[in-house]
Amino acid sequence: MGGRVSGAEGFPNSAAGTVIPNAFFARVLPEITDPAELIASAYVFFAFGNSSHRPRFVTLGELEADAGLARTLGNLCDGAIADSLRHGLELAVQRGTLLRATANGDVLFAPNMPANRRALERLAAEGVTLEEPLPPAEGEPAPNIYTLYEQNIGGITPLIAEDLREAEQRYPPEWVREAFREAAELNKRNWRYIRRILERWEIEGPNYATDGRDPEADWLAQRYSAGKRGSRTRA
C-alpha cells in the first residue's frame, strides 16, 4: 500500500487563512457544548476576515444566505437551519465571543475585540446600535486564571494554556489572584515569575496576609510540607 491520503486532496501552500485568537481555543472552545455555537462562532471569524464592509462586519442576512454554513448546520445540528444559526449566534454573543449590533432592520456581527467595538460605535451616526452586554450579576465569581493572564500579561498560547490549567488545579483561587497582583505591583508581568511565587507559597505558605488565612491555603501548604518530609524520610 502506498502513502496516499484518502479523501480531500489537501490545501495548497498559498491558501489563505482565517485569523482566530489563541484565547478562543484555550479559553472559549473548552466551554462550548452546543455545536451551533461553535459553528456560528467559527464562521463569523471566517466571514469577518473576508468581509467587504468598511469597517468590517457580517450581517445576519449574509450568514443566512451562505450555502456552506447552511450545510454545516444541517449536518451537525438538529432542527431548522435558520433556527440553529440564530441559536448559535445568540449563545456566542452571550458568551462574549461575538459583538452584535442592529442597523436598519439588519443585524451585524463581529468578533468581540476592542478595535471592532470602536468601529461599530463609530457607526452610531449612521443608525447602527451596538448591543451592550448584560451587567455582571451580583456576586459574580472572581476572574479565573485565564482571564487574569490575559488582563495582566497578554495572549494565551497552547503551551501556556496547559501550564495555566495545571496551576488552576493545583493552587487555591485566592493564591492565584494574589500572585498575579503581587507580580503586577512589582512590574514582573510574566508567567514564570508568577509561577515561582506560587511554588514558594506552596512550601512556605502565602505571605500576602497574616490574619484570617484561608483554611484551604493552610491545608494545601501543610499537605505539601508533609509530603516533602515524607520523601526525605524515605530517602
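Rules used throughout
Residue numbers here run from 1 along each chain, matching the order of that chain's written sequence. The model is predicted, so local features are restricted to residues of pLDDT at least 70 and side-chain atom pairs to those at 80 or more, both for listing and for counting; the totals for chains, interfaces and linings are taken over all residues. Side-chain metrics rest on all non-hydrogen atoms present in the structure, leaving aside hydrogens and water. Note on conventions: DSSP H or I runs of at least 4 residues are helices, E runs of at least 2 residues are strands, and numbering of each starts at the N terminus. By definition, residues are in contact when any of their heavy atoms lie within 4.5 Å. To measure how exposed things are, a 1.4 Å probe is used in the Shrake-Rupley method; for residues, cover is taken only from the protein chains shown. Where helices are involved, their axes are fitted lines through C-alpha atoms of the stretch in contact, as for all axes, and angles between N-to-C directions lie from 0 to 180°. Any angle that falls under 35 degrees is termed roughly parallel, while one over 145 is termed roughly antiparallel, one within 65 to 115 roughly perpendicular, and all others oblique. Among buried residues, those of type Ala, Val, Leu, Ile, Met, Phe, Trp, Tyr and Cys that are joined through side-chain atoms within 4.5 Å constitute a nonpolar core. For every residue, the accessible area obtained with a 1.4 Å probe (protein chains only) is divided by the maximum for its type, and the residue is called buried under 20%, exposed over 50%, and partly exposed between those limits. Take the number of residues in a helix, subtract one, and multiply by 1.5 Å to get its expected span. Whether two strands pair depends on DSSP finding at least two bridges between them. What makes a crossing left-handed is the near helix being turned counterclockwise from the far one by less than a right angle; a clockwise turn instead makes it right-handed. Amino acids are sorted into nonpolar (Ala, Val, Leu, Ile, Met, Phe, Trp, Tyr, Cys and Pro), charged (Asp, Glu, Lys and Arg) and polar (every other residue, Gly among them). Two joining distances apply to patches: 9 Å for like charges and 5 Å for nonpolar side chains (Val, Leu, Ile, Met, Phe, Trp, Tyr), and every residue must have over 30% relative accessible area and no salt bridge. Should a side-chain nitrogen of Lys or Arg be within 4 Å of a carboxyl oxygen of Asp or Glu, the pair is scored as a salt bridge. A residue's pLDDT is the confidence the predictor assigns to it, expressed on a 0 to 100 scale.

Q: Explain the overall build of the chain here, please?
A: The number of helices and strands found in the chain is eleven helices and four strands. The long-range fraction of contacts in the chain, counting pairs at least 24 apart against all pairs at least 6 apart in sequence, stands at 54%. By element, 51% of the accessible surface of the chain is carried by carbon and sulfur atoms, the whole surface being about 15,000 Å².

Q: Honestly, the packing of helix 7 (residues 145-152) against helix 9 (residues 173-185) in this entry has me stumped. Any pointers?
A: The description of two packed helices rests on the angle between their axes and on the distance between the axes. Viewed as axis vectors pointing N to C, helix 7 and helix 9 meet at an angle of 10 degrees, and their least axial separation amounts to 10 Å. The angle between helix 7 and helix 9 falls in the class roughly parallel. Contacts between helix 7 and helix 9 involve Ile145, Leu148, Tyr149 and Asn152 from the former and Val176, Arg177, Phe180 and Ala184 from the latter.

Q: Mind showing me how you'd approach the nonpolar core here?
A: Counting 30 residues, the largest nonpolar core has Leu63, Leu89, Phe109 and Leu120 as the members making the most contacts within it. Where this core is concerned, the elements lending two or more residues are helix 2 (35-49), helix 3 (60-64), helix 4 (67-76), helix 5 (81-95), strand 2 (98-103) and strand 3 (106-111). In terms of residue count, helix 2 provides more of this core than any other element does, seven residues in total. Excluding its chain neighbours within four sequence positions, the residues that come into contact with Leu120 are Phe57, Leu99, Ala101, Leu108, Ala110, Val128 and Leu130.

Q: Could you clarify how one ought to interpret the side chain of Glu37 in this entry?
A: By secondary structure assignment, the location of Glu37 is in helix 2. Look past the residues within four positions of Glu37 in its chain and what remains in contact with it is Ile32, Gly88, Leu91, Ala92 and Arg95.

Q: Please explain helix 8 (residues 158-170) as it appears in this structure.
A: Along an α-helix, a turn takes 3.6 residues, which lines up residues three or four apart on a common side. With 13 residues, helix 8 extends 19 Å from end C-alpha to end C-alpha; this agrees with the ideal 18 Å at 1.5 Å per step. Its buried side turned inward, helix 8 meets helix 1 (22-28), helix 7 and helix 10 (191-204).

Q: Please explain the pairing of strand 3 as it appears in this structure.
A: Taken residue by residue, a regular strand's side chains alternate between the two faces of the sheet. Burial analysis of strand 3 places five of its six residues in the buried class, the great majority of the element. Sheet analysis places strand 1 (residues 58-59) next to strand 3, joined by two bridges and oriented antiparallel. Note that in strand 3 the partner of Val58 across the bridge is Phe109. Bridge count for strand 2 against strand 3 is six bridges, and the pairing is antiparallel. Looking across to strand 3, one finds that Ala103 is bridged to Asp106. Counting the residues in the hairpin turn of strand 2 and strand 3 gives two residues, including Asn104, whose phi is positive at 50 degrees.

Q: When you look at the packing of helix 8 against helix 10 in this model, what are you seeing that I'm missing?
A: Contact geometry of helix 8 with helix 10 gives a least axis separation of 12 Å together with a crossing angle of 20 degrees. Classified by the angle their axes make, helix 8 and helix 10 are roughly parallel. Seen along the crossing, helix 8 lies across helix 10 with a hand that is left-handed. Contacts between helix 8 and helix 10 involve Ile160, Asp163, Leu164, Ala167 and Arg170 from the former and Trp191, Arg195 and Glu202 from the latter. In the contact of helix 8 with helix 10, the residues fall into four nonpolar, no polar and four charged.

Q: Looking at this structure, how should I read a nonpolar patch on the surface?
A: Together, Phe25, Leu29 and Leu38 line one region of the surface with nonpolar side chains, adding up to about 240 Å² of accessible area. Relative to the helices and strands, Leu38 resides in helix 2.

Q: In this structure, what is going on with the confidence of the model for the chain? I would like to understand it.
A: Atom-level detail of predicted coordinates should not be read off regions where pLDDT is low. When pLDDT is averaged along the chain, the result is 81, and 80% of the positions lie at 70 or above. Put simply, helix 11 (residues 215-234) is where the chain has its lowest mean pLDDT, 50, and helix 2 is where it has its highest, 95. Long-range and interchain partners of residues 210-215, a stretch whose pLDDT sits below 50, account for four contacts in this model, where long-range means more than four residues apart.

Q: Explanation requested: unusual backbone geometry in the structure shown.
A: Note: most residues except glycine have negative phi, and most peptide bonds are trans. Of note, the bond from Arg54 into Pro55 is cis; its omega dihedral lies within 30 degrees of zero at -5 degrees. With respect to the helices and strands, Pro55 occurs in the loop between helix 2 and strand 1. Look at Asn187: it is not a glycine, yet its phi comes out positive at around 60 degrees. Looking at where Asn187 falls in the secondary structure, it is placed in the loop between helix 9 and helix 10. By relative accessible area, Asn187 is classed as exposed at 61%.

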